[in-house]
Amino acid sequence: MKMNGIRLGENCIRVTQRYVQKDFAAPIYQSLSKSFTNISLLSVNSTDDRACISCCLSSREGERAKALGATVTRNVCSLSVYPHRSDLATLYRFIHLLAKKQARFYDLVSSDSMLTIVIDTDSQEELCDYLSRHIELPPSHTPFSQGLSKSDKELLVKLWPESSAAYVEKKIKTYGITILPDLDLYRIACPLDQMAVHTKKIQALREKDLRFYFSQARIDKDDQINFFFLTHKNQDRIKETLMNGMPDQISLRFKTAPSVSLISFQGPHFGDRYGIANQALSVLRKASIPILMANCSGSCIYIVLPWHLAKEAEQTLLKVFERP
Amino acid sequence: MSKKTIMVVDDDPDLVEAVSMKLEAKEYKVSKAYDGQEAMDKIKEEKPALVILDVMMPRKNGWAVCDEIKNDDTLNDIIVVLLTAVGDAVKTTNYTHHDGKTTLADDYLPKPIDLDKLMEIVDDYCAN
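Treat the numbers as computed from the prediction; the structure is a model and nothing was measured.

1. Regarding the packing of aromatic side chains
For step 1, the next point in the chain: Scanning the entire structure with this criterion turns up 6 aromatic pairs over all chains.
For step 2, the next point in the chain: Their ring planes at 55 degrees and their centres at 4.4 Å tell us that A:Y82 and B:Y34 sit as a pair that is tilted. Linking A:Y82 in strand 4 (residues 71–82) with B:Y34 in the loop between strand 2 (29–33) and helix 2 (36–46), this pair reaches from one chain into another. Each of the two residues, A:Y82 as well as B:Y34, counts as buried.
For step 3, the next point in the chain: Here A:Y92 and A:F227 contribute two aromatic rings whose centre-to-centre distance is 6.3 Å and whose plane-to-plane angle is 50 degrees, an arrangement assigned as tilted. With A:Y92 in helix 3 (residues 88–100) and A:F227 in strand 11 (residues 224–232), the pair connects residues that are 135 residues apart, well separated along the chain. Considered together, A:Y92 and A:F227 belong to a single accessibility category, that of buried residues.
For step 4, the next point in the chain: Here the guanidinium or amino end of A:K101 rests over the ring plane of A:Y130, the centre of that ring lying 5.4 Å away.

Okay, here's the thing in structure tokens:
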């Protein structure tokens, strides 16, 4: 598997909020936004009755997050590989590598080009070495940490206050809003060690040149992996390829019926600026548009919606986001 | 006519991908780098026609990369387009000032960048 690089995000905490949908009051991203707390990575999954919001914050924000009643995991970091080029075989191979190593991750989220996992800081170095050995990287590449030198940061803040994690524009700039209507959402649920045995499936996926447009995964406490991805509708070849020879413990199913739409947009460092994910998700909530899943990482926001609400969601988002 | 190589340098892989896709659609050959040092290594090896260069990056920032290119006789004909969040502070199209130094770049585009404007700039330089 060829990749261009590995990017690291350090000194984070992971904050989670689980909720029963009918009792849901204030999402954690809203509370964090009110207290000017930056979210560097966010995932939302409401496909079950018991939904989950998970985000990464700076390690300085632990007490604040605890005070909001969230579950806090300290000493985590992120690791991203890029670019995935929407290649389902690449996504599957990445998860396969992690499973083979029995590498536990808390969350996996996709952006336009990156696959990012949230892991314990203690495991970062070893995992980075392992991936560097198993992924073909350019010789000139060195895995680097996200973030700027102190002097660059000072200069940036001085000349462009917006970059000090506060967006001052009336409407948030984007490079455009993309809608992919009528997609299928797949879910694979299986024990982590079962995921590690499917090497042959990667080659089969590659041969069929299958694409994904969004992905999210997490490993539960009982080492069960829940892996979601979106593809074009009626990709029976995916089902065939993945189900072929699959042990009984693995379930693969369409999670949502009848289908979903994906709305996505990119802007300058969305993941580094406070309040942007909240602006996107809260304006949709206010308009009573259900959010099935969402990712905010790198400079992208991806939102999965019931298929018929994509246009309405786009119009609603344009109240707070600007399209060029 | 051989395709010209454009190098895109930014520590935001999502932006690199978005710009690269636009360039590839216009049939440019695209090379990618994600920090200043990696960019410098690749520039020496590949000698692209034009470099689209972010300023704030790990390992080596864009100001330093631009300086190295423009002060090297074997590289200084490479066109450098800086992507800068401080575009409004740039008074001319040819110079910018950083820490008391004057750095020569060929053009500037403020962030968040207008992708269509960037493609126009690339087309103009590559046509000449």
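2. A closer look at the side chain of A:H96
For step 1, the next point in the chain: Here A:H96 shows up in helix 3.
For step 2, the next point in the chain: Not counting the four nearest positions on each side in its chain, A:H96 is found in contact with A:M195, A:A196, A:V197, A:H198, A:T199 and A:I202.

3. Things to note about helix 10 (residues 310–317) of chain A
All names here are of chain A.
For step 1, the next point in the chain: Along helix 10, the residues classified as buried are A310, A313, E314, T316 and L317. End-on view of helix 10: buried residues confined to an arc of 165 degrees, all on one side of the axis.
For step 2, the next point in the chain: Residues of helix 10 that are buried make contact with strand 9 (177–191), strand 13 (260–266), helix 9 (276–286), strand 15 (300–306) and strand 16 (321–322).

4. Describing the environment of A:T174
All names here are of chain A.
For step 1, the next point in the chain: One can find T174 in the loop between strand 8 (172–173) and strand 9.
For step 2, the next point in the chain: Sequence separation between T174 and N38 is 136 residues; the distance between their C-alpha atoms is 19 Å.
For step 3, the next point in the chain: Polar side-chain contacts of T174 include one of 3.1 Å to the backbone nitrogen of G176.
For step 4, the next point in the chain: Engagement of the side chain of T174 in a polar contact is seen with the backbone oxygen of E322, the distance being 2.7 Å.

5. Description of the environment of A:T121
All names here are of chain A.
For step 1, the next point in the chain: The residue T121 is located in helix 4 (residues 121–134) in this model.
For step 2, the next point in the chain: We classify T121 as partly exposed; its relative accessible area is 33%.
For step 3, the next point in the chain: Residues T121 and S78 lie 43 residues apart in sequence; the distance between their C-alpha atoms is 8.3 Å.
For step 4, the next point in the chain: When neighbours within four sequence positions are excluded, T121 is seen to be in contact with N75, V76 and C77.

How each quantity is defined
- Residues numbered from 1 in each chain as written.
- Chains lettered and ligands numbered in written order.
- Predicted model: local features only at pLDDT ≥ 70, side-chain atom pairs only at ≥ 80, totals over all residues.
- Heavy atoms only, no water.
- Phe/Tyr/Trp six-rings, centres within 6.5 Å; stacked < 30°, edge-to-face > 60°.
- Helix = DSSP H or I, 4+ residues; strand = E, 2+ residues; numbered from the N terminus.
- Buried < 20%, exposed > 50% of the residue type's maximum accessible area, 1.4 Å probe, protein only.
- Lys NZ or Arg CZ within 6 Å of the ring centre and 35° of its normal.
- Contact = heavy atoms within 4.5 Å.
- Arc of directions from axis to C-beta.
- Polar contact = N/O pair within 3.5 Å; in protein donor to acceptor, adjacent residues only side chain to side chain.

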